[in-house]
Amino acid sequence: MNEMYEVEHIGQQLQMNDMRKKGLFTDGFIHIPTENVSLPIHKAIMASCSNYFRSLFTWGMCNREYENDVIITGVSAKTMEAVLEYAYIQRVDIHPGNVEDLIAAADRFHIFGLQKQCTDYLVGELTTDNCIGIMMFFDFYSCTNGLEKTNEFISRNFTQIVESSQEYLQMSFENLRKLMNKDEIYVSDESEVLSAVLRWVTYDEGNRKCHFADLLSVVRFAFVNKSYFDNFLTTTQSILKQCTKSKSILEKAKDIKNRMRTTDSIICNPYENMLRPRVPRDVLFVVGGWSSKGVVSSMESYDRHTERWYEALSHIPNTRAYHATVALGDIIYVIGGYDGTRYLASVACFHTTTHTWEKRERMHLQRCYVAGVELRGRIYAFGGYDGRQRHDTVEYYDAISNHWSDAAPMHQCRSDCGATVSGGKIYVGGGFDGVHCLSSFEMYDAFTNHWTVLRSMSVPRSGVSIMSIGDAIFAVGGYDGNIRLKSVEEYKPFRNAWTETESMSVGRSNFCAILFDEKAYAIGGYDGSVTSTHVECFDPKTNKWFLKCPLKIGRSALSACVVSDMTNAKEFTCLGRDTSVTQQ
């Protein structure tokens, strides 16, 4: 019934518009004097669309010479025709040649629906080359929604805009400072902001060096790369000689960098701009696990700028350990595991935007010690243990249909294995078959639903973490039946061969290793005596492991995931979770 009504309503709109164009039953004209064009209208239609025209007709402001004419200046006949088209049928052909004139007309005549359509069009056309001009355009016409979305685009693409956009170099000092003062500029390093300041100032140094100090005052110097900062001091000597205020700011920043070098830690203070972190774009989450007090339901999130962990306000509805965690968009899926008494087939998902939990369809089998990955929007669950037997079975989950389906089984039953995705294929290895710790390794092709046995790892690894960096796959740690391993092996698919690489600092099993910020993080686990808070990080550029801030509590049998491009990352990182900030 509703669909029939909608079709009939659209038909009536089209008929009214056709009568307008033919001048049938019209009772007024909009006259464009500069082009001597008169456009016929139905006053009731125009008044219902725009309070501007309603007031015009109500108070009799029509031109006396033309009793039924409304004289409009400053608008072309072509633009006015498009405005009338929208008034009658609520849609109009928007394109680069008319969008600016249309949004100006919509603003002038208070036609907010047309303004929204133009805003949506411009937001859809945003690029790193045109976004600053569009932002200024929205600001001029007070398009709040468009301005908000454009600012978000600029924040998320700040580095690319600074590097390539000519519009960036033409920004006013006021707009630039306002942009750089935002917490939500997404940069990998604050050095990118400092570099942006330098690029803007040196583009027109004679006229802009007077703004240098004010722009430096919004840089978060505690988070600037030390080597870049040293080079910046050298590069800007000529400007600093002429600006004592800038020199004073950089001297203070230098003192902060020296103190950080002495303490080997980041100095963070959200109430002092130099020490205030920005909000990260991506957030690392660890979920559940086994602590010294038993199975836990808590989560922690990691802020890459402050290099600290924060306890999340929301907990898993039930305790879980030996589970898998996978992120799809901004939703975290927690799959299977063990709650301290039961082996689980259940799935819970956490909506990071609303901090709420939801039950999803259960797996076909109970799976403790389960491994999970995401591939092309599907979640795959491998092996596991149901309290009676180890599985070779595999299931995959479709989030849209909320349904689990069976995939081809692995060549070997395995629980406590590791899994990763590389080159569009899934790799699974290690684990425990109920008798032996395993070194076997196999690859799954989702297109053919087929498993291929690959070269085994050099040693058995149960409780192993397997992850990929670039085109290489790494098997990290685990338990070989005698000791917890700190060794790491690297697998190159094109060679089907394993080679030993740099070891972790401590042996561990039942931990999680995950790629974050282009580095491998090894988190928590069991070291043979305690559940560990220990976190270390592998940088593939230097081929070295180094220590990171420990977890809030020791966790083994935990799992982890990264949620990327978060719109509310602040709620899980320093500026939203540091108690000294949130209590203010």
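- An unreviewed UniProt entry annotates the protein as Kelch-like protein 10 of Mizuhopecten yessoensis.

Brief notes about the packing of aromatic side chains
1) Next: All told, the structure shown has 36 aromatic pairs when counted by the stated rule.
2) Next: Ring centres of Tyr302 and Trp309 lie 4.8 Å apart, and the angle between their planes is 50 degrees; this geometry places the pair in the tilted category. In this pair, the class of Tyr302 matches that of Trp309, namely buried.
3) Next: Summarising the aromatic geometry, the rings of Phe441 and Trp498 are spaced 4.9 Å apart at their centres and angled 70 degrees between planes, so their arrangement reads as edge-to-face. You can see Phe441 sitting in strand S17 (residues 441–445) and its partner Trp498 sitting in strand S22 (residues 497–501), a full 57 residues away along the chain.
4) Next: With relative accessibility at 1%, the residue Phe441 sits in the buried group.

Regarding the side chain of His323
1) Next: Note on placement: His323 falls in the loop between strand S6 (308–311) and strand S7 (324–328).
2) Next: The class of His323 is buried, set by a relative accessible area of 4%.
3) Next: A distance of 3.0 Å separates a polar atom in the side chain of His323 from a polar atom in the side chain of Ser559.
4) Next: Setting aside residues up to four positions removed in sequence, His323 forms contacts with Val287, Gly288, Gly289, Val334, Ile335, Gly336, Gly337, Val370, Ala557, Leu558 and Ser559.

Observations regarding helix H12 (residues 191–203)
1) Next: Relative to the 18 Å expected for 13 residues at 1.5 Å per residue, H12 spans 18 Å between its end C-alpha atoms, a close match to the ideal helical length.
2) Next: Burial in H12 covers these residues: Ser191, Val193, Leu194, Ala196, Val197, Leu198, Trp200 and Val201.

Examining the pairing of strand S19 (residues 465–469)
Each regular strand displays side chains that alternate between the two surfaces of the sheet.
1) Next: Most of S19 is tucked away: five of the five residues are buried.
2) Next: Judged by which residues are buried, S19 turns out to be covered on both faces: Ser465, Met467 and Ile469 on one side and Ile466 and Ser468 on the other are all buried.
3) Next: For S19 and strand S20 (residues 472–476), the ladder comprises five bridges, and the chain directions are antiparallel. Paired with Ser468 across the bridge in S20 is Ile473.
4) Next: Connecting S19 to the antiparallel partner S20 that follows it, the hairpin turn spans two residues, and Gly470 within it adopts a positive phi of roughly 65 degrees.

Details of the packing of helix H11 (residues 173–180) against H12
A pair of packed helices is characterised by two quantities: the angle between their axes and the separation of those axes.
1) Next: For the pair H11 and H12, interaxial distance at closest approach is 12 Å and the crossing angle is 175 degrees. On the basis of the axis angle, H11 is roughly antiparallel to H12. Residue-level inspection shows Phe173, Leu176 and Met180 of H11 in contact with H12, the latter providing Val193, Ala196, Val197 and Trp200.
2) Next: Classifying every residue of the contact of H11 with H12 gives seven nonpolar, no polar and no charged.

Criteria and thresholds
Residues numbered from 1 in each chain as written. Predicted model: local features only at pLDDT ≥ 70, side-chain atom pairs only at ≥ 80, totals over all residues. Heavy atoms only, no water. Phe/Tyr/Trp six-rings, centres within 6.5 Å; stacked < 30°, edge-to-face > 60°. Buried < 20%, exposed > 50% of the residue type's maximum accessible area, 1.4 Å probe, protein only. Helix = DSSP H or I, 4+ residues; strand = E, 2+ residues; numbered from the N terminus. Polar contact = N/O pair within 3.5 Å; in protein donor to acceptor, adjacent residues only side chain to side chain. Contact = heavy atoms within 4.5 Å. Expected span 1.5 Å × (residues − 1). Pairing = 2+ DSSP bridges. Axes fitted to C-alpha atoms, helices over the stretch in contact; angles between N-to-C directions. Parallel < 35°, antiparallel > 145°, perpendicular 65-115°, else oblique. Nonpolar A, V, L, I, M, F, W, Y, C, P; charged D, E, K, R; others polar.

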